Amino acid sequence: MTSILAQQAGGGSSIFSLLPFLIILLLFVPLFLNGRKQRRQMAETQAMQQALEDGDVVVTTSGLRGTIVDASYEDTIDLEIADGVVTTWLRAAIREKVATDEVTEETVAEPADKDASENKPTIH
């Protein structure tokens, strides 16, 4: 009888000896998966930055939106942020490339919004 109790007590201690290992495993698995996700996103961003061409509409990391005028340099690009205003930016400062569908929808929507806002009476 005492040998059975000793075996049960010994079996329980093996579970407790695995507990720290399981806790460490549960903490590091999400960290490992997040690291892989970040590396993949970083590689995609760098590939997008290297594939930029003249005429692409982009958004910088500071939120500035512009059209690429000259992308012939290796590390920099020239952005036109207003008519006749061209600035030079590092390629690494480009956060995203704006889809051309979004640009055409916004340019079409702007005149309609102006007409609608001019015809609306203001209520005070």
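As the structure is a prediction and not an experimental result, all values here were calculated from the model.

Peer 1: Explanation requested: the UniProt feature "transmembrane region" (unreviewed entry) in the chain in the structure shown.
Peer 2: UniProt tags residues 15–33 as "transmembrane region" (unreviewed entry). The span residues 15–33 is 100% helical and 0% strand by assignment, and the distance between its end C-alpha atoms comes to 27 Å.

Peer 1: Where do I start with the pairing of strand β1 (residues 57–60) in this structure?
Peer 2: Regular strands place side chains that alternate from one sheet face to the opposite one. Side chains V57 and V59 project from β1 onto one buried face, and the interleaved V58 and T60 project onto a second face that is buried too. Across three bridges, the pairing between β1 and strand β2 (residues 65–70) is antiparallel. Residue pairing in the sheet places V57 in a bridge with T67 of β2. In this structure, β1 lies alongside strand β5 (residues 94–97), joined through three bridges in antiparallel fashion. Following the sheet pairing, V59 is matched in β5 by E96.

Peer 1: Would you take a moment to explain a positive patch on the surface for this structure?
Peer 2: Judged by side-chain charge, R36, K37, R39 and R40 come together as a positively charged surface patch. Within the secondary structure layout, R39 lies in helix α1 (residues 2–50). For R39, a relative accessible area of 54% corresponds to the exposed category.

Peer 1: Got a minute to help me understand the side chain of R91 in this structure?
Peer 2: You can see R91 is positioned in the loop between β4 (85–90) and β5. Buried charge without a partner: R91 forms no salt bridge, and the closest opposite charge is D75, 6.5 Å away. A distance of 2.8 Å separates a polar atom in the side chain of R91 from the backbone oxygen of Q49. Apart from the residues within four sequence positions on either side, R91 is in contact with Q49, Q50, L52, A71, Y73, E74, D75, T76 and I77.

Peer 1: Could you clarify how one ought to interpret the pattern of salt bridges in this entry?
Peer 2: Between side chains of opposite charge, a pair can form when the charged atoms approach closely. Inspection of every chain in the model, using the stated rule, returns two salt bridges. One salt bridge in this structure joins K97 and D56, with 3.5 Å as the shortest N-O distance. With K97 in strand β5 and D56 in the loop between α1 and β1, the pair connects residues that are 41 residues apart, well separated along the chain. On the basis of relative accessibility, which here comes to 12%, the residue D56 falls in the buried class. We note a salt bridge from R95 to E96, for which the minimum N-O separation is 3.4 Å.

The rules behind each value
Residues numbered from 1 in each chain as written. Predicted model: local features only at pLDDT ≥ 70, side-chain atom pairs only at ≥ 80, totals over all residues. Heavy atoms only, no water. UniProt positions renumbered as here; feature names shortened; annotations may be inferred. Helix = DSSP H or I, 4+ residues; strand = E, 2+ residues; numbered from the N terminus. Buried < 20%, exposed > 50% of the residue type's maximum accessible area, 1.4 Å probe, protein only. Pairing = 2+ DSSP bridges. Patch = residues over 30% accessible without salt bridge, like charges linked within 9 Å, V, L, I, M, F, W, Y side chains within 5 Å. Areas by Shrake-Rupley, 256 points an atom, 1.4 Å probe, with all protein chains shown as cover. Salt bridge = Lys/Arg side-chain N within 4 Å of Asp/Glu carboxyl O. Lys, Arg positive; Asp, Glu negative; His and termini not counted. Charge placed at Lys NZ, Arg CZ, Asp CG, Glu CD. Polar contact = N/O pair within 3.5 Å; in protein donor to acceptor, adjacent residues only side chain to side chain. Contact = heavy atoms within 4.5 Å.

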